[in-house]
Amino acid sequence: MTTNIISSSVIMSPRKRTLVPVSSRRKAADDCFPFNWLPVECQLHVLSFLNEVDKCSCALVCLSWSCLVRSWKLWRVADYSRRGVFHMGQEGLLVSNREFERWKAWVHHYTHHLVSRRASLLTLKASFDLGDRCNNWSELLGHLLDHVHCRDLSHLDLNWTFTLLEPLDLRVHSSSSSHQDSITKMDQVTSFQELLTKLTHSCPRISKMRLHFDWSDVSMSLLTNFQQLRVLELKYFWVFKGVTPSTLQHLTKSLPNLKSLTLQILVPLRNLGISYTLESQSLEFLDVSPSRGLVFSCLKLPALRELRAKKIVRGITLDRRTRLRIQSRWPCLYHVLREGTPRLQALNNERLFPTWREERYGEMSAILEQSCYCVQHLDSWLW
């Protein structure tokens, strides 16, 4: 009899699980973390570390989690560039009309999702052609700002000249296309200024901003209203749009809390020979390496610690006499830095010795050859 019992236990199917006593099951259940017993604020803090897709998955777990996920405190980022992330930084990529329509549907659904949850935004990232009259992207962003809580918005990353995943127009344009481009640019600037006006009223606490800029008087007056700006990156809007020295100087003087400034300014050929002045009591980091033809005659930056500047090939041909006449107007960057940046510690990612002001050029010679436009560094100057 005993032999039969042993043999039956040996040949028992491995799929059958042994029974676990009720006491052991209760003990295993007690080992689970009681997430629902936490205060609501703690639960929201834990869920805030999830991305948007995972938050939506959590909403399907149970009713209590669904109510948590609907809280406006969990929706702090509006990122319209996360869809199609493999296309980021590749403007002009060939995209099918069908894919673009799917992306547009996602954009509208995403906006409705944020509005329905009364999101409290801290970050807004978008890339839309605000001059597009067919899709009315400017109205969509305006609708979002009107129906969410954005008083605490601190980070704005906006490309208002290009729509993400928009198919290329491969049609052959007539000779009047340049006139049409001018009209399009004007529409873009008008819509951008309207949006910037709305941002000044709805989001006065923006501290980090990255966008294309048209350098018009209206846009300048609107931009200087953001007195909490600490990090600012301005890209060029149109290659034919110049920047006056007084405009650039007014920008840095009007932002008292600015710590980091990155400029991409393409000085038109008609403005060759113009030099610029920057003045700020708070600026610690300045990057003008993306710019072309930007030359400084005076820097009054007592807090500046790092500067990045690069001499860009202009691609034009000038005779030596004209070239010398233009360059003779510009002081050497070394003298500009020595007089106006007493705390400078790094130039073009190179650490400077504390005694760099006491030596004429010295260790900075190689760096100045790459960044200075003056006559002394004429040998490396390419037009």
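Residues numbered from 1 in each chain as written. Predicted model: local features only at pLDDT ≥ 70, side-chain atom pairs only at ≥ 80, totals over all residues. Heavy atoms only, no water.

### A look at the overall build of the protein
Then, number 1: Helices and strands together make up the secondary structure of the protein, namely 13 helices and 12 strands.
Then, number 2: Within the span of the protein, comprising 383 residues, buried residues form 44% of the whole.
Then, number 3: By sequence separation, contacts in the protein at least 24 residues apart represent 70% of the contacts at least 6 residues apart.
Then, number 4: By element, 54% of the accessible surface of the protein is carried by carbon and sulfur atoms, the whole surface being about 21,700 Å². (Helix = DSSP H or I, 4+ residues; strand = E, 2+ residues; numbered from the N terminus. Buried < 20%, exposed > 50% of the residue type's maximum accessible area, 1.4 Å probe, protein only. Contact = heavy atoms within 4.5 Å. Areas by Shrake-Rupley, 256 points an atom, 1.4 Å probe, with all protein chains shown as cover.)

### Topic: the pairing of strand E5 (residues 231-236)
Then, number 1: Bridging between strand E4 (residues 208-213) and E5 involves 6 bridges; their strand directions are parallel. What sits directly across from Met-209, in E5, is Leu-232.
Then, number 2: Viewed along the sheet, the connection from E4 through helix H9 (residues 217-223) into E5 turns out right-handed.
Then, number 3: With 4 bridges joining them, E5 and strand E6 (residues 260-263) adopt parallel strand pairing. (Pairing = 2+ DSSP bridges. Right-handed = clockwise from strand over helix to strand, strands pointing away.)

### Observations regarding the nonpolar core
Then, number 1: Counting 90 residues, the largest nonpolar core has Tyr-80, Trp-215, Leu-232, Leu-248 and Leu-286 as the members making the most contacts within it.
Then, number 2: Per-element tally for this core: the top contributor is helix H6 (residues 97-116), with 7 residues.
Then, number 3: Aside from chain neighbours lying at most four places away, what touches Leu-232 is Met-209, Leu-223, Leu-251, Leu-255, Leu-258, Ser-260, Leu-261 and Thr-262. (Core = buried A, V, L, I, M, F, W, Y, C linked by side-chain atoms within 4.5 Å.)

### Thoughts on the packing of aromatic side chains
Then, number 1: With the rule as written, the count across this model stands at 12 aromatic pairs.
Then, number 2: With 5.0 Å between their ring centres and 10° between their planes, Trp-106 and Tyr-110 make a pair best called stacked. On the criterion of helical spacing, the pair formed by Trp-106 and Tyr-110 is a turn pair, its members being 4 residues apart in helix H6. The pair Trp-106 / Tyr-110 is uniform in exposure class, with both members buried.
Then, number 3: Note on Tyr-334 and Trp-356: the rings are 6.2 Å apart at their centroids and 75° apart in plane angle, and the pair reads as edge-to-face. On the criterion of sequence distance, the pair formed by Tyr-334 in helix H12 (residues 333-340) and Trp-356 in the loop between strand E12 (350-351) and helix H13 (365-371) is long-range, its members being 22 residues apart. Summarising the burial analysis for this pair, Tyr-334 and Trp-356 share the class buried.
Then, number 4: Note that Lys-185 overlies the ring of Phe-237, its terminal NZ or CZ placed 5.1 Å from the centroid. (Phe/Tyr/Trp six-rings, centres within 6.5 Å; stacked < 30°, edge-to-face > 60°. Lys NZ or Arg CZ within 6 Å of the ring centre and 35° of its normal.)

### Details of the packing of H6 against helix H7 (residues 137-147)
Then, number 1: Packing of H6 against H7 brings their axes to within 9 Å, and their N-to-C directions diverge by 20°. Relative to H7, H6 is oriented roughly parallel. H7 is crossed by H6, and the crossing has left-handed handedness. In this structure, H6 contributes Phe-100, Trp-103, Lys-104, Val-107, His-108, Thr-111, Leu-114 and Val-115 to the contact, and H7 contributes Trp-137, Leu-140, His-143, Leu-144 and His-147.
Then, number 2: Partitioning the contact of H6 with H7 into residue classes produces 8 nonpolar, 4 polar and 1 charged. (Axes fitted to C-alpha atoms, helices over the stretch in contact; angles between N-to-C directions. Parallel < 35°, antiparallel > 145°, perpendicular 65-115°, else oblique. Left-handed = near helix turned anticlockwise from the far one by under 90°. Nonpolar A, V, L, I, M, F, W, Y, C, P; charged D, E, K, R; others polar.)

### Details of empty space enclosed by the protein
It is a probe the size of a water molecule, rolled over the atoms, that shows where empty space is left.
Then, number 1: Applying the stated criterion across every chain yields a total of 4 cavities of 30 Å³ or more.
Then, number 2: By volume, the largest cavity is sized at about 140 Å³.
Then, number 3: Lining of the largest cavity is provided by 16 residues; of these, Leu-294, Val-295, Phe-296, Ser-371 and Tyr-373 occupy positions nearest its centre.
Then, number 4: When the residues that make up the lining of the largest cavity are grouped by side-chain class, the tally is 12 nonpolar, 3 polar and 1 charged. (1 Å grid on protein atoms, 1.4 Å probe; cavity = no way out; pocket = protein on both sides within 12 Å on 5 of 7 lines; lining within 4 Å. Points joined across faces, edges and corners; volume = space filled by probe spheres on them.)

### Overview of the pairing of E6
Then, number 1: Here E6 shows no split at all, with Ser-260 and Thr-262 on one side and Leu-261 and Leu-263 on the other all buried.
Then, number 2: Taken together, the 3 bridges between E6 and strand E8 (residues 285-287) define a ladder with parallel strand orientation. The residue of E8 that forms the bridge with Ser-260 is Phe-285.

### A short note on the environment of Gly-293
Then, number 1: Among the structural elements, Gly-293 can be located in the loop between E8 and strand E9 (296-300).
Then, number 2: When the C-alpha positions of Gly-293 and Pro-268 are compared, they lie 8.1 Å apart, and in sequence the two are 25 residues distant.

### Focus: the environment of Arg-343
Then, number 1: Along the chain, Arg-343 falls in the loop between H12 and strand E11 (346-347).
Then, number 2: Its relative accessible area of 47% is what places Arg-343 among the partly exposed residues.
Then, number 3: When the C-alpha atoms of Arg-343 and Pro-302 are compared, they prove to be 6.5 Å apart, with 41 residues separating the residues in sequence.
Then, number 4: Leaving out residues up to four positions away in the same chain, Arg-343 has contacts with Pro-302, Ala-303, Leu-304, Arg-305 and Arg-357.

### Section: unusual backbone geometry
Then, number 1: You will see that Asn-136, though not glycine, has its phi angle at about 50°, which is positive.
Then, number 2: The backbone of Asn-349 sits at a positive phi, close to 65°, despite the residue not being glycine.
Then, number 3: With respect to the helices, strands and loops of the structure, Asn-349 is situated in the loop between E11 and E12.

### Here we look at the environment of Gly-273
Then, number 1: Here Gly-273 lies in the loop between E6 and strand E7 (276-279).
Then, number 2: For Gly-273, a relative accessible area of 11% translates into the label buried.
Then, number 3: Between the C-alpha atom of Gly-273 and that of Leu-294, which follows or precedes it by 21 residues, the distance is 9.6 Å.

### Looking at helix H10 (residues 245-253)
Then, number 1: When H10 is considered as a whole, its buried residues turn out to be Thr-247, Leu-248, Leu-251 and Thr-252. Here the buried residues of H10 occupy an arc of 130° about the axis, which is enough to place them on one side. Exposed residues pointing more than 90 degrees away from the buried face of H10 are listed as Ser-246 and Lys-253.
Then, number 2: Lining the buried residues of H10 we find H9, E5, E6 and E7. (Arc of directions from axis to C-beta.)

Honestly, that's just the spatial picture; any functional story needs more than this.
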